[in-house]
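In case you want the letters, here they are:
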There are 2 protein chains.
Amino acid sequence: MGERQEETVRVMADAASSGSRLRADARRNVEQIRSAAIGAFQGRGLTVPLEEVAKAAGVSKATIFNRFGGRIGLIEAVIEELVANELFAVIRHTRTLDDIGERITYYLTAIRDLQYRQPAVNDVLLQTFPHSQQLMEICRAGNEANEELIAAARASGALRPEFTAGDLHALVVDNALALKHGTRPPRDDYDRRTRYLLDGIRGHSSASG
Amino acid sequence: MGERQEETVRVMADAASSGSRLRADARRNVEQIRSAAIGAFQGRGLTVPLEEVAKAAGVSKATIFNRFGGRIGLIEAVIEELVANELFAVIRHTRTLDDIGERITYYLTAIRDLQYRQPAVNDVLLQTFPHSQQLMEICRAGNEANEELIAAARASGALRPEFTAGDLHALVVDNALALKHGTRPPRDDYDRRTRYLLDGIRGHSSASG
DNA sequence: GGTAAGCTGACCCGACGAGTCAAATTGCGA
DNA sequence: TCGCAATTTGACTCGTCGGGTCAGCTTACC
């Protein structure tokens, strides 16, 4: 067991550095599995059976365990590319907006867009894998962005005064649950409902637009 | 199997009529199981393990099968008392309201209240047991009420014009999913969020109140 | 060509809850 | 009180699901 563990660690380190002591076929499989995982996670979220990822990669399930140590290792090997980059980009871009009303609109719209396009995001937000430190960290960053936004918004009156960070969190989490367990609505319905939400939480003071 | 079936039918008929050919202990168990089921379904929804219902009733799981034929039989023996009465009362009361704005407010608030208080409602709305004709019928009645309400509301401008019956349906179903799979928020948070929803879907014409 | 790295099919595992049944119990009529 | 049919029940099977493992085969590499 110690041996397998070491091997896994080595692979995951290699994902960052480039010097590899892996055999050529193993290196190839790592890449095939990574890209198959990205595809599968995009389509069906982080809980897709590993068997399916393996099939898509043209390897056996056991190879995923050999190379990544299990689901969490695999997730951590692709989560940045799959979710974190986009999510952080949204957060970053939100911060650049001057008008607080715009910020709120953009943030909620963009997050909901991500949730719709990337089911994996929902698994992160729902903390489906609490054992992954990396996933929890992404989640934490999201919550932080939430609270930052709400603090700014409440001060400015762009949101109704009783609206809390918990409310925003619930909005996002409930949507994650709906997308995860329900049937996906057509995109235009989904976007329309995003607008209802926004109109329901905005303060009454801002009569602009 | 034919025998067991007949027996089950007899019990379920007895729930309506009163003449019983059941032995005294069986009759007592039927009542204990019914009331345990109501308690369990109230607390944990219609998917609670039958084992738990049995334990609460002080009988073994097999007795539930003897008396009710299985989960669906049991559900149908209590669903009226548990859900249908309240749900139909809400629908009926909605129809008595004159002001269309009030109707919408009342309906959505009351449905969401039911969903919060009675997890069983969510299992009905989510059609968790599509094999139960009775449950499907309740569900159908709910959808009908939805559509009736939306038709009236759109004509009057109390809702924003782009709001559809599908939107209302999604609102209710998404909430059902959130309650079923997520953590219940405190009641006051939940009610506050109900208000956000209402404010998000109302038409801009009604400036009353 | 030898050897260690790597791959894989076939396997086991645990969790879960529905549903079943032979055997024990018990209500009840005679 | 007896005897039997009705009833209950503990212990069982079943099916599903996916994670995880390993012996033995294959293959890259020196």
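Computed from a predicted structure; not experimentally measured. (Residues numbered from 1 in each chain as written. Chains lettered and ligands numbered in written order. Predicted model: local features only at pLDDT ≥ 70, side-chain atom pairs only at ≥ 80, totals over all residues. Heavy atoms only, no water.)

**Remarks on the overall build of chain A**
Here's step 1: When helices and strands are counted, chain A shows 10 helices and zero strands.
Here's step 2: Listing each helix as α and each strand as β along chain A from the N terminus yields α-α-α-α-α-α-α-α-α-α.
Here's step 3: Taking all 209 residues of chain A together, the buried fraction comes to 48%.
Here's step 4: Considering only contacts in chain A between residues 6 or more positions apart, those separated by 24 or more positions represent 69%. (Helix = DSSP H or I, 4+ residues; strand = E, 2+ residues; numbered from the N terminus. Buried < 20%, exposed > 50% of the residue type's maximum accessible area, 1.4 Å probe, protein only. Contact = heavy atoms within 4.5 Å.)

**Describing the relation of the copies chain A and chain B**
Here's step 1: Superposing chain A onto chain B requires a rotation of 180 degrees together with a translation of 0.0 Å along the rotation axis, leaving an RMSD of 0.0 Å. What we have between these two chains is a two-fold relation. The position closest to the rotation axis in chain A is occupied by the C-alpha of A:G200, lying 1.8 Å away.
Here's step 2: Comparing interface residues between copies, 100% of those in chain A also lie at the interface in chain B; the contact surface is shared. (Least-squares fit on C-alpha atoms with pLDDT ≥ 70 in both.)

**Some remarks on the interface of chain A and chain B**
Here's step 1: Tallying the contact residues gives 20 residues for chain A and 20 residues for chain B.
Here's step 2: Contact between chain A and chain B buries roughly 1,700 Å² in total, counting both sides, with carbon and sulfur atoms accounting for 59%.
Here's step 3: Taken together, chain A and chain B are joined by six salt bridges.
Here's step 4: Among the salt bridges present, the one from A:R160 reaches B:D199, with a minimum N-O distance of 1.9 Å. (Buried area = accessible area lost by both parts, 1.4 Å probe. Salt bridge = Lys/Arg side-chain N within 4 Å of Asp/Glu carboxyl O.)

**Examining the pattern of salt bridges**
Residue and element names in this part refer to chain A.
Here's step 1: Scanning all chains against the criterion turns up 38 salt bridges over all chains.
Here's step 2: A salt bridge links D123 to K180; the shortest N-O distance between them is 2.5 Å. Of this pair, D123 sits in helix α7 (residues 119-125) while K180 is found in helix α9 (residues 165-181), placing the two residues 57 residues apart along the sequence.
Here's step 3: Here D123 falls in the buried class, since its relative accessible area comes to 2%.

**As for the confidence of the model for chain A**
Residues and elements named next belong to chain A.
Here's step 1: Chain-level pLDDT for chain A is 90 on average; 88% of the residues reach the 70-or-more range.
Here's step 2: Ranking the helices and strands of chain A by mean pLDDT puts helix α10 (residues 187-201) first, with 98, and helix α1 (residues 2-16) last, with 48.
Here's step 3: In the model, residues 1-6 has pLDDT below 50 throughout and makes one contact with residues more than four positions away in sequence or in other chains.
Here's step 4: Under a pLDDT of 50 for its full length, residues 13-18 has, in the predicted model, four contacts with residues more than four places off or in other chains. (pLDDT = per-residue confidence, 0-100.)

**A look at the protein's contact with DNA strand D**
Here's step 1: With respect to spatial proximity, 21 residues lie near DNA strand D, and among them A:K61, A:R71, B:R23, B:N29 and B:T63 are the closest.
Here's step 2: For DNA strand D, the backbone makes up 63% of the atoms found within 4 Å of the protein, where backbone means sugar plus phosphate.
Here's step 3: The separation between a phosphate oxygen of DNA strand D and a polar main-chain atom of B:S60 is 3.0 Å.
Here's step 4: The set of elements that each furnish at least two residues to the surface near DNA strand D consists of α2 (24-44) and α4 (61-68) of chain A together with α2 (24-44) and α4 (61-68) of chain B.
Here's step 5: Here the surface near DNA strand D is composed, by residue class, of nine nonpolar, four polar and eight charged. (Near = heavy atom within 4 Å. Polar contact = N/O pair within 3.5 Å; in protein donor to acceptor, adjacent residues only side chain to side chain. Nonpolar A, V, L, I, M, F, W, Y, C, P; charged D, E, K, R; others polar.)

**Some details on the nonpolar core**
Here's step 1: Counting 116 residues, the largest nonpolar core has A:L46 and B:L46 as the members making the most contacts within it.
Here's step 2: Ranked by the residues each element gives to this core, the list is headed by helix α5 (residues 71-96) of chain A, at 11 residues.
Here's step 3: When residues no more than four places from it in sequence are discounted, the contact partners of B:L46 are B:F41, B:R71, B:I75, B:I79, B:L82, B:A120, B:D123, B:V124, B:F129 and B:L135. (Core = buried A, V, L, I, M, F, W, Y, C linked by side-chain atoms within 4.5 Å.)

**Details of α2(B)**
Residues and elements named next belong to chain B.
Here's step 1: Taking 1.5 Å of rise per residue, the 21 residues of α2 would be expected to cover 30 Å, and the 30 Å separating its terminal C-alpha atoms lies within 8% of that figure.
Here's step 2: Those residues of α2 not exposed but buried are A26, N29, V30, I33, R34, A36, A37, I38, A40 and F41.
Here's step 3: The positive-phi residue at the C-terminal boundary of α2 is G45, with phi of around 85 degrees. (Expected span 1.5 Å × (residues − 1).)

**Some points on helix α5 (residues 71-96) of chain B**
Residue and element names in this part refer to chain B.
Here's step 1: When the terminal C-alpha atoms of α5 are compared, their 36 Å separation across 26 residues agrees well with the 38 Å that a helix rising 1.5 Å per residue should span.
Here's step 2: The largest bend in α5 is about 65 degrees, located at I79.
Here's step 3: All of the buried residues along α5 are G73, L74, I75, V78, I79, L82, V83, A84, L87, V90, I91 and T94. (Bend = angle between axes of the 7 residues up to and from the residue.)

**Here's the deal with the side chain of A:N175**
Residues and elements named next belong to chain A.
Here's step 1: Mapped onto the secondary structure, N175 falls in helix α9.
Here's step 2: Take N175: its relative accessible area is 7%, and that puts it in the buried class.
Here's step 3: In this structure N175 touches R112, Q115, A170 and Y190, once residues within four positions along its chain are discounted.

**Concerning unusual backbone geometry**
Residue and element names in this part refer to chain A.
Here's step 1: The phi dihedral of Q127 falls on the positive side, at around 55 degrees, and the residue is not glycine.
Here's step 2: By secondary structure assignment, the location of Q127 is in the loop between α7 and α8 (133-156).
Here's step 3: For Q127, a relative accessible area of 33% translates into the label partly exposed.

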